[in-house]
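For reference, the chains in residue letters:
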Amino acid sequence: MNRESAIAAIMDVIDKDDIVVATTGLISREIFEKFDSARNFYNPGAMGLVSSIGLGIALGSDRRVIVIDGDSSLLMNLGTLVTIGKCQPRNLLHIVIDNESYGSCSEEESMSGSVSLSKLAATANYASSLTVFDESSLKHAILESEGRLGFIVTKITLGGRRDFSRPLDLVSIKDRFTRHLKGWPS
Amino acid sequence: MNNSHFNNLEKPHSSVAGKLRQALIEEGIDFSVGVPCGVLRRVIDFLAHDERIMHITVNREPEAIGVAAGAYLAGKKPVIYIQNSGLFTASNDISSLLIPYRMPLVLIVSLRGCEGEDAPQHFVNGKATMPLLESFGIPYVVFEQDNDIYDVVRNLYRRAEDAQLPAVLLLKRGWDKT
Ligand SMILES: Cc1ncc(C[n+]2csc(CCOP(=O)(O)OP(=O)(O)O)c2C)c(N)n1
Ligand SMILES: [Mg+2]
């Protein structure tokens, strides 16, 4: 599995009413270029906060929120696992696309290879937590975790396209997202 | 563990804190998130115990920015409370999330390190707080006791909304003495 096939699997299996919040770097940019939609929110700056933003959305809305995090992004804001575990939002699914690297930089090694992220999440009281290595297990895990606070570490290989466009008109992205959540036409 | 033994030491109602509360309620605040500071004790006390307000505690100030941003996106009206030391911790999150996305959230920030400060770890942050906010180009106000905090807060909200930018209310030690 690589970033492309992992993201494609996620976008294929989630419900049309779900919300997508994507982390800093290539993960956001790939989703923006290929799967842009009013239900998406991108966090191009504020590295690490995608999970915190997802928590805020999950607490303020009934929609299922799919957080698409990176391993280094998660490690930059690790305390958020404890916060989320304590709040226990049943409508939050936290997916980590784990390439054990700062993929969006120059693929420098990160520290996710030396720790079990899924055990950390389990310790922080996520209701379900597991690691997957292929697209069908990823899809299965997304469907299985519906209705409870879930955590899925998605192990991927390095490499892949890097020349994606980037979200630029952030205010429009925000406005259409908030309209979408209110059920207003875009 | 509950902290009610602290609250029992309080004067039954600080009028400045009461007016701040009134202003926030009238602004429609229904969500609060932050990291405690002793100077903000009375703010936290009412945010955490008002049933109209969902209150979340976090471990680090950037989380507070992220959670508040998410709640705002979901249609909530959040307020953030942090110490100015934490304003520096969260500065990138304000400048690269709240400002470019134009989220008009109000942060209540205790201003340690100003005149009368005894703790040396606050000196640099105290001096650098206003220059940071100036350089970000966001509205802020230092509450002085001869002003009416209700007006100060309502006015700050108007500035945040007019500019579509986050805004900061700075509270010095002793802000709630009267
Ligand atoms: C605070 C901060 N530090 C550094 C960067 C530079 N940066 C952008 S993306 C990124 C790596 C993200 O890594 P990860 O979350 O694992 O996702 P990946 O790029 O591997 O998909 C870094 C360090 C940044 N954007 N913000
Ligand atoms: Mg990575």
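The structure displayed is predicted, hence computed values, not measured ones.

Chemist: Would you mind going over the overall build of chain A with me for this structure?
Modeler: When helices and strands are counted, chain A shows eight helices and eight strands. In terms of C-alpha radius of gyration, chain A reaches 15 Å, essentially the compact-globule figure of 16 Å for 186 residues. Principal-axis analysis of the C-alpha atoms places the extent of chain A at approximately 45 × 35 × 30 Å. Counting over 186 residues, chain A shows a buried share of 55%. For chain A, contacts bridging at least 24 residues in sequence account for 73% of all contacts bridging at least 6. Looking at chain A as shown, the accessible area adds up to about 7700 Å², and 51% of this sits on carbon and sulfur atoms.

Chemist: Explain helix H5 (residues 79–87) of chain A to me, please; I cannot follow it from the model alone.
Modeler: At 3.6 residues per turn, the α-helix brings residues three or four places apart onto the same side. Buried residues of H5 of chain A: Thr80, Leu81, Thr83, Ile84 and Gly85 of chain A, and no others. Remark: glutamine 88 of chain A follows H5 of chain A within two positions and exhibits a positive phi of approximately 55 degrees.

Chemist: Please explain the packing of aromatic side chains as it appears in this structure.
Modeler: Think of a pair of aromatic rings as described by two things: how far the centres are apart, and how the planes are tilted against each other in angle. Taken as a whole and judged by the stated rule, the model has four aromatic pairs over all chains. On the numbers, 4.5 Å between centres and 35 degrees between planes, the contact of phenylalanine 41 of chain A with tyrosine 101 of chain B is tilted. Residue phenylalanine 41 of chain A is located in strand E2 (residues 40–42), and its partner tyrosine 101 of chain B is located in the loop between helix H6 (91–98) and strand E4 (106–111); the two belong to separate chains. Looking at tyrosine 101 of chain B, the relative accessible area reads 0%, which means it is buried. Here a set of aromatic residues connected by ring pairs shows up, and it is made of Phe41 and Phe177 of chain A together with Tyr101 of chain B. The ring of tryptophan 184 of chain A is capped by lysine 182 of chain A, whose NZ or CZ atom sits 4.6 Å from the centre of that ring.

Chemist: Any chance you could explain the pattern of salt bridges here in plain terms?
Modeler: Pairing of side chains with opposite charge becomes possible as their charged atoms draw close. Residues and elements named next belong to chain B. Within the structure shown, the criterion is met by 26 salt bridges over all chains. With a closest N to O distance of 2.9 Å, glutamate 27 and arginine 158 form a salt bridge. Of the two residues, glutamate 27 sits in the loop between helix H2 (15–26) and strand E1 (31–34) while arginine 158 sits in helix H8 (residues 149–163), which places them 131 residues apart along the sequence. A residue is classified by how much of its surface remains accessible, and arginine 158, at 33% relative accessible area, is partly exposed. A salt bridge links aspartate 118 to arginine 173, with the shortest nitrogen-to-oxygen separation between them at 2.9 Å. With a gap of 55 residues between them, aspartate 118 in the loop between E4 and helix H7 (123–136) and arginine 173 in the segment after strand E6 (167–172) connect regions that are remote in the sequence. Each of Glu26, Glu27, Lys77, Arg154, Arg158 and Glu161 takes part in a single network of salt bridges with overlapping partners.

Chemist: Help me understand the sheet that holds E6 of chain B in this model?
Modeler: The strands that make up a sheet pair up through hydrogen bonds in the backbone, lying either parallel or antiparallel. Residues and elements named next belong to chain B. Pairing is parallel in the open sheet, where six strands are placed in the order E2-E1-E3-E4-E6-E5. Each end of this open sheet is capped by a strand with a single partner; those strands are strand E2 (54–57) and strand E5 (140–142). When strand polarity is set aside, the average angle formed by the axes of neighbouring strands in this sheet is 20 degrees. With six bridges connecting them, E4 and E6 associate as parallel partners. Paired with valine 109 across the strands is leucine 170, a residue of E6. Against the sheet, helix H3 (residues 41–49) makes contact with E1, E2, strand E3 (78–83), E4 and E6, and its axis sits at roughly 145 degrees relative to E3, the strand it touches most. Relative to E3, helix H4 (residues 61–73) is tilted by about 175 degrees, and along the sheet it contacts E1, E3 and E4.

The rules behind each value
- Residues numbered from 1 in each chain as written.
- Chains lettered and ligands numbered in written order.
- Predicted model: local features only at pLDDT ≥ 70, side-chain atom pairs only at ≥ 80, totals over all residues.
- Heavy atoms only, no water.
- Helix = DSSP H or I, 4+ residues; strand = E, 2+ residues; numbered from the N terminus.
- Rg over C-alpha atoms; globule rule 2.2 N^0.38 Å.
- Buried < 20%, exposed > 50% of the residue type's maximum accessible area, 1.4 Å probe, protein only.
- Contact = heavy atoms within 4.5 Å.
- Areas by Shrake-Rupley, 256 points an atom, 1.4 Å probe, with all protein chains shown as cover.
- Phe/Tyr/Trp six-rings, centres within 6.5 Å; stacked < 30°, edge-to-face > 60°.
- Lys NZ or Arg CZ within 6 Å of the ring centre and 35° of its normal.
- Salt bridge = Lys/Arg side-chain N within 4 Å of Asp/Glu carboxyl O.
- Pairing = 2+ DSSP bridges.
- Axes fitted to C-alpha atoms, helices over the stretch in contact; angles between N-to-C directions.

Scope: geometric values only; no functional claims are made or implied.
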